[in-house]
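Summary of the model geometry
Here's the letter readout for the chains.
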Amino acid sequence: MTDHDPNLAHHFDTPAQQYAAGKLGVWVFLVSEILFFSALFCAYAVYRANHPAIFFDGHLFLDSELGAINTCILLLSSLTMAWAVHAAQLGQQRTLVACIGVTIVCAVVFLGIKTVEYSQKWEHGLVPGADFTPDMHYVQEKLDHHGHGAETSEELNARLLNLRTFFGIYFLMTGLHAFHVIAGVGVLVWLFVRAWKGAYGAHYFNPVDFVGLYWHLVDLIWIYLFPLLYLIH
Amino acid sequence: MVFGAVFFVIVLATGGLDTGWTFYTPFSTTTTSRVTAAAAGAFVLGFSSIFTGINFVATVHTMRPPGMTWHRMPLFIWALYATAIIQVLATPVLGITLVLLAVERLFHIGIFDPTIGGDPILFQHFFWFYSHPAVYIMILPAMGIISELISVFSRKHIFGYTFIAYSSIAIAVFGFLVWGHHMFTSGQSILVSMIFSALTFSVSIPSAIKVFNWLATMYRGSIWLATPMCYALIFIFLFGIGGLTGLFLGALATNVHLHDTYFVVSHFHYVMFGGTLIAFLGGLHYWWPKMTGRMYSEFWGRISALLLFIAFNLTFFPQFVLGTQGMPRRYYDYEALLERNPQFEFDHQLSTIGTYLLIVAFVIMLVYLLHSLWAGRRAPANPWGAATLEWQCTSPPPHDNFASAPTVGDPYDFSHLRYDPETQGYIIDANRQPTDEAPHPDAGRAEA
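Only a predicted model underlies this, so the values are computations on that prediction, with no experimental measurement involved.

1. Here we look at the overall build of chain A
- Helix and strand counts for chain A stand at seven helices and zero strands.
- Across chain A, helices and strands are ordered from the amino to the carboxyl terminus as α-α-α-α-α-α-α.
- In terms of overall dimensions, chain A is more spread out than a globule: its C-alpha atoms have a radius of gyration of 22 Å, far above the 17 Å expected for 233 residues.
- Across the 233 residues that make up chain A, the buried fraction comes to 33%.
- Taking the contacts inside chain A whose residues are at least 6 apart along the sequence as the reference set, 77% of them involve residues at least 24 apart.

Here it is in structure tokens:
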């Protein structure tokens, strides 16, 4: 009873069983990830239902263009990831490596743009939590620019409080998402190295498939985050 | 798991945690005790729960042996499957709740802080959304063990296999719908409380279905009071009391008086200790021969079980009384409380004596189990005459468990097993007739 297939772990009877078990396992893991984000979406729903003004004001400070570019970049990365899985299944070694590489590049660009966005917020004091000390002129200017300026200083203070809550939620949701992108980049780099060394082909492509599933979820979560945070009218 | 435990050791070594395991805000977001470290530890431990759940779901779906259809799985596996589903769905919510707590402490984001528009009750909702299903994670495997024990030690096919199997799934589903019953006095609306109360009553039904099926299994069975069976019977009694007292707590009017009293403490000890731990002990004694290859002393096993039963009731029944009389839980100044309420003292003393007896019972158990490891009789492959697959290999099992794939049949069909007095175990005898020898060592006569 020898393992002639080096990719078959000894507790599985056949490669097909190994693939089925792994695939189901990754899907169940994705479900747990959705539950992990669920409390944040729930908090969003609660605050948005009770205090719609928070979100209206808040979105004025987000750069929808950058957000849209990021959305396109992640969608592109999902495409290249799916293409990588396809290439692995067909044994197309060079295509596989190239696609994983482009996926990593897209992810890094996404993180770069997020860094730009975050640093813009930092500059104007729109940071989460107790250090929330926004540049008042900037705030007033932004609100006026969109035709929703504050009439009195009490109103401005109330709306600043709202802004603080909004940015708490914004940084929590996009921050947790970015953390998952960073973790994804780490895993993708590992996958890249293994693919470069020729570990994957038509006979064995499980890790490419499973990492692909994870990456699609990361993309999907951003696709929900973008309109909920950036595109409110 | 070790990594998570390290966090908790750090917590203990640097001043401890004073919020209680429930971490309620706003105290937990403002106290100086080691909340963030404890939350980090619990977060890490949560991963072990989630990955176990993922593992079991994938295993049950894709790695059953040939011939084991879903309805030929042992009920213990059904119970573990339902538990795995809860672990996967509920634990991440605890994860994010702990992250939010830590983030609030470290960065003052303000989600739970009312002074900046947050809501401390939101924390309770997030926390209990996990923590109620968590108790079903704790009880479902225990119930699975009881299903195995009752059938084997009644020498009778489990009654209502399908009902028991699907009741585990029902408990998993319904368990997600009742978290608000921990929050009846939190200020949530009456309507919401009424809905949670109704759902809480309905979640007791699948558990009751199991108890009735176990009793029906025992009816006209040949009862073998081996130590595992003693624990199974103790379970039914203690879990019965625990479950029924849950109904007192689930009813809104009585909950107002019983919330945060010793009644709650006693209720959950009856279900968690009298339920989960007793079932664990039953399983320990059941699988001990399989795991270690040794038999322990039946005499001392039964003595210990009896003593445990008496001691447990002595410890926890008085706490129901204390709770109805108003004794609060987590009380800081016990002496002052007793000075003002001398009527509480007697029941507390009964409870304390009960704990001393519990210690004696556990010490006896430790001694005879350890003793069995070097001086116990060598265990046969199947000492209890069970029909599940683990009894088809030697005790303890060899490295690969089975030299070749085992034959899968009905896990509760004992008709082909015959007691062999020489090996003091059961062997497969396809030609066994109903009028052969006594079905088990305790039986006075052969089966009719």
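2. A word on the interface of chain A and chain B
- With 24 residues of chain A in contact, the opposing surface of chain B contributes 25 residues.
- Where the side of chain A that touches chain B is concerned, the elements lending two or more residues are helix 1 (15–50) and helix 6 (153–196) of chain A.
- The element contributing the most residues to the side of chain A that touches chain B is helix 1 of chain A, with 16 residues.
- By residue class, the composition of the side of chain A that touches chain B is 16 nonpolar, seven polar and one charged.

3. A short note on the pairing of strand 2 (residues 425–428) of chain B
Residue and element names in this part refer to chain B.
- Both strand 1 (residues 417–420) and strand 2 contribute to a ladder of four bridges, which runs antiparallel. The partner of Tyr419 across the bridge, within strand 2, is Tyr426.
- Connecting strand 1 to the next strand, strand 2, in antiparallel fashion are four residues, including Gln424 with a positive phi near 55°.

4. Some words on the packing of helix 4 (residues 93–123) of chain A against helix 6 of chain A
All names here are of chain A.
- One can describe the packing of helix 4 onto helix 6 by two numbers: an axis separation of 9 Å at closest approach and a directional angle of 155°. By the angle between their axes, helix 4 is roughly antiparallel relative to helix 6. Considering only the axes of helix 4 and helix 6, their crossing is left-handed. Contact with helix 4, carried on its side by Leu96, Val97, Ile100, Gly101, Thr103, Ile104, Ala107, Val108, Phe110, Leu111 and Lys114, involves Thr174, Ala178, Val181, Ile182, Gly184, Val185, Leu188, Val189, Leu191, Phe192, Ala195 and Trp196 of helix 6 and no other residues of that element.
- In the contact of helix 4 with helix 6, the residues fall into 18 nonpolar, four polar and one charged.

5. Examining the environment of B:Phe159
Residues and elements named next belong to chain B.
- Summarising the element assignment, Phe159 is placed in the loop between helix 5 (120–153) and helix 6 (161–174).
- Phe159 sits in the buried class, given 20 other C-beta atoms within 10 Å.
- With residues near it in sequence (within four places) discarded, Phe159 still touches Asn213, Ala216 and Thr217.

The rules we used
- Residues numbered from 1 in each chain as written.
- Chains lettered and ligands numbered in written order.
- Predicted model: local features only at pLDDT ≥ 70, side-chain atom pairs only at ≥ 80, totals over all residues.
- Helix = DSSP H or I, 4+ residues; strand = E, 2+ residues; numbered from the N terminus.
- Rg over C-alpha atoms; globule rule 2.2 N^0.38 Å.
- Buried ≥ 20, exposed ≤ 12 C-beta atoms within 10 Å, placed from the backbone.
- Contact = placed C-beta atoms within 7 Å.
- Nonpolar A, V, L, I, M, F, W, Y, C, P; charged D, E, K, R; others polar.
- Pairing = 2+ DSSP bridges.
- Axes fitted to C-alpha atoms, helices over the stretch in contact; angles between N-to-C directions.
- Parallel < 35°, antiparallel > 145°, perpendicular 65-115°, else oblique.
- Left-handed = near helix turned anticlockwise from the far one by under 90°.

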